[in-house]
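Here is how the chains run, residue by residue.
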Amino acid sequence: MAGTSRGSTRSRASKSSAENAPILSPPNPKLRKDKTRNNSLIRIFNVNLKFLLGFGIISFAIALFFIYPIVNPMEKPQKPRVITPLPAPKLTDLPMFQGEHRESLYWGTYRPQVYFGVRARTPQSLVAGLMWIGVKDGRYFMRHVCQDSDELKQYGWTSHNGRDYGHQVLTEQTMSLTTSFLKLKGRGSGYGGDWAVRIGAQSNESIPDDEMLNTAHLFFYMADEGGKSFNLGRGVLDIHDDSVLASGSRSDTGDWQLHLLSEARKFGHLLLSDSSDDSPNILVFQISARIPFRADIVFLSGTSTRDSRVEERVSRLTGISLTSLLSEKQKEFDDKFKKCFSLSDELGLESVSVGKVALGNMLGGIGYFFGQSKILLPSTSTLNAGDNSVLYWPAELYTAVPSRPFFPRGFLWDEGFHQLLIWRWDIYISLDIIGHWLDLMNIDGWIPRELILGAEALSKVPEEFVLQHPTNGNPPTLFLALRDVISNLKKEKFAAAEASDISVFLDRAFVRLEAWFKWFNTTQSGKELGSYYWHGRDAATIRELNPKTLSSGLDDYPRASHPNEDERHVDLRCWMHLAADSMHSIAELLKMDKDVEKEYGFTAKMLSDFELLNKMHLDSANGAYCDYGNHTEKVQLTWKILETGSNYPRRELVRKVLEKPVLQLVPHLGYVSLFPFILRLIPPDSWILDRQLDLISNRSILWTDYGLRSLSKTSSMYMKRNTEHDPPYWRGPIWIPLNYLIVSSLHHYSQEPGPYRERAKTIYNDLRSNLMRNIVGNYQRTGYLWEQYDQKKGKGKGARLFTGWTATVLLIMAEAYHEV
């Protein structure tokens, strides 16, 4: 139809031109006579016309090429909101985190996933580390990455100050290694200063004169993540007392050198490279020596400057001088530990020792990571056809980690508990870490719950946990630490300079904290005003006894059996109260806009409304707070034969629902039932407080001689597997961070006037004693702090060397709790 129309128009135009043509005058005879000239003129005219026509077309095309994008710009693919950073000034750009602070933290033991590793807080750093050969059952095994399969009797930092000193003990079956790290900024040093590592090897016990058992084989390596090559030291092939192992140059540190001083009866070396002998960017040096022995390895920066004083600096960081410096740093650590935590002499030396281990491993477990998180795309996105993921922007993260062998990466919900310790030790390190987390907020106010940045972090993560879901949150526990900092700021417990910097930090952080709060308040809100529920539960699962709530941090803790939008989660409501109350405190402290202060004050007041809280969540029969949702208790896992298309059918555990669910309070008593108590929302004179104390102290419910179990023995889900392959996690075992919060509130109510004050005090003393005794006893027997503890015998369970939030035992020892 369109083609016909265009053709008809063209025909009509031609006919009209002929009919309306002007009448021509007779030809000029003179022109006809000069036919040649006339033809020539006509030919030239035709050529010029063609040239002009062609030139015009080309010119028009060129003009169109340049003008069209301006008039009608090409549509570029829109960057998904989920990977768009929040448009606000970064906290890590604050002046307090630049200059001396930044340089002082440049080098560190920021590779928690390996037994010993050093790197700088920069994306493409020089990295160094230690490997060694362990002996077990007459066989050699290489040690490098922290893992339980190595079966070390013990390892971890016995002390670490988070900045320039740390001491670690690693106990093999027949040998013990010690690693001491020390950093020094002196005259002649380049950016970041110099650092030294002392490695010592001792025999664990009297062993036969066996070459295999009496010789240690260590491998110290250095690599450049940017691929820049090194120079091999001139004396490396003929090592005596002191040699330059390697040297190189970087834009950050300037020229650098790696030195070795070894005191060993037998010494060997091995040089390995990943490229060529002329320009390697990885060097590995082997030290094989009879036990006992000691080796000092020194990194010097800025070695090409006129006043580099290389020999003097090497001398200061090796031998007797290094011994003296390490002793001084250990004393400083001990003195500061005593000042910060003021542990009572009644605790005994064993408890104090475990307290130092808890802090040392927390600070020694701080890591630096750089990379991009893998994010699930919204279902409506068409950005990556055939792929459901997209990469977050390249980012750095400076953070403590929960566990070096199992979880050597950033976890948002753990980090708030980590900072409860760290801010009391070093407020600037704590604010720096919190700033790094808040800077990872996207435009919607969401922060990934687990940050897996870089190849080393990714190597420890099962594939199913790599992808981060932007609809799912995690408890905003950073407010726990910020609440404490604000409280101490109001009470003028910080030095003037610290107080000023904290105020500046909070002022800039406010826009990010507000975006975070609003993300929760909109995406995780329930149907009723003041109700919230954790998104991300799988309503269609047929393999889980109770659909997990990973976003809550409590994983398999039982919720409503059939997830839907009617759910109300009491723990999230309480977290929201903490967040709103903290926002109100910041606004009040900084004298912000009165409307903002009133808004958060109103929200905090509404979420602390005792009558509304009870209406939504209280089971008055037992004085416990419960979730609400579509629920039935008649759910079980049963074996089912599945046809697989082969000759061998497969048997699988699947969920079977025996009763139609109804909307009701979810009758499972445990940690979640105590959240209003934890957040101190219960008036001290309320009968409900008495009933909460009943729940805590009842041996048939939560009480054990080792701490409070996570789920009541009366629960239908108590110690039940959630799937064929998932043993109970938050369904009975004792978890220290929640016990810390409960102990903290018990202490609070033991100080508040009211009829239950003395009872709260008695329970507080007994629970605190049980927790400390069990954790210290486990450490003495096993050499580790554990992820969780068995509710029957108190034995450490789960991941060992879990000195993330389990380190809050130090706060229990110190009775360091939130003060109103």
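Residues numbered from 1 in each chain as written. Predicted model: local features only at pLDDT ≥ 70, side-chain atom pairs only at ≥ 80, totals over all residues. Heavy atoms only, no water.

1. Remarks on the overall build of the protein chain
Check the secondary structure of the protein chain and you find 21 helices and 29 strands. Put simply, the protein chain has 820 residues, and 55% of those count as buried. Here the contacts in the protein chain between residues at least 6 apart in sequence split such that 69% fall between residues at least 24 apart. As displayed, the protein chain has an accessible area near 37,500 Å², and 54% of this comes from carbon and sulfur atoms. (Helix = DSSP H or I, 4+ residues; strand = E, 2+ residues; numbered from the N terminus. Buried < 20%, exposed > 50% of the residue type's maximum accessible area, 1.4 Å probe, protein only. Contact = heavy atoms within 4.5 Å. Areas by Shrake-Rupley, 256 points an atom, 1.4 Å probe, with all protein chains shown as cover.)

2. Some thoughts on empty space enclosed by the protein
The final tally for this structure, using the stated rule, is 9 cavities of 30 Å³ or more. Roughly 70 Å³ of internal volume is contained in the largest cavity. Lining the largest cavity we find 12 residues, and of these Ile133, Val135, Thr174, Met175 and Thr215 sit closest to its centre. Tallied by class, residues from the lining of the largest cavity come to 7 nonpolar, 4 polar and 1 charged. (1 Å grid on protein atoms, 1.4 Å probe; cavity = no way out; pocket = protein on both sides within 12 Å on 5 of 7 lines; lining within 4 Å. Points joined across faces, edges and corners; volume = space filled by probe spheres on them. Nonpolar A, V, L, I, M, F, W, Y, C, P; charged D, E, K, R; others polar.)

3. Observations regarding unusual backbone geometry
The step from Ile291 to Pro292 runs through a cis peptide bond, and the omega angle for that step is 0°. Examined against the element boundaries, Pro292 turns out to sit in the loop between strand S14 (282-290) and strand S15 (293-301). Even without being glycine, Ser342 reaches a positive phi, approximately 45°. Along the chain, the position of Ser342 falls in the loop between helix H7 (319-341) and helix H8 (349-364). In this structure Ser342 comes out as exposed when scored by relative accessible area, which is 53%. The phi angle at Leu801 is positive, at roughly 50°, despite the residue not being glycine.

4. Some remarks on a positive patch on the surface
On the surface, a cluster of positive charge is made up of Lys713, Lys792, Lys793 and Lys795. Exposure remark for Lys795: the relative accessible area of 57% places this residue in the exposed category. (Patch = residues over 30% accessible without salt bridge, like charges linked within 9 Å, V, L, I, M, F, W, Y side chains within 5 Å. Salt bridge = Lys/Arg side-chain N within 4 Å of Asp/Glu carboxyl O. Lys, Arg positive; Asp, Glu negative; His and termini not counted. Charge placed at Lys NZ, Arg CZ, Asp CG, Glu CD.)

5. Topic: the packing of H7 against helix H9 (residues 412-425)
Relative orientation of the contacting elements H7 and H9 amounts to 110°, with a least axis distance of 9 Å. One way to sum up the angle between H7 and H9 is to call them roughly perpendicular. The interaxial crossing formed by H7 with H9 has right-handed handedness. Contact residues: Phe333, Lys336, Phe337, Cys340 and Phe341 in H7; Leu421, Arg424 and Trp425 in H9. Of the residues that constitute the contact of H7 with H9, the class distribution is 6 nonpolar, no polar and 2 charged. (Axes fitted to C-alpha atoms, helices over the stretch in contact; angles between N-to-C directions. Parallel < 35°, antiparallel > 145°, perpendicular 65-115°, else oblique. Left-handed = near helix turned anticlockwise from the far one by under 90°.)

6. Topic: the nonpolar core
By size, the foremost hydrophobic cluster in this structure holds 209 residues, and its most contacted members are Trp195, Leu438, Phe505, Trp516 and Ile742. Take this core: its biggest share by element is 12 residues, from helix H13 (residues 496-523). Ignoring anything within four residues of it in the chain, the contact list for Ile742 reads Tyr671, Leu674, Phe677, Ile678, Ile696, Leu708 and Leu767. In this structure, Val298, Leu300, Val310 and Leu317 belong to the second largest nonpolar core, which totals 12 residues. (Core = buried A, V, L, I, M, F, W, Y, C linked by side-chain atoms within 4.5 Å.)

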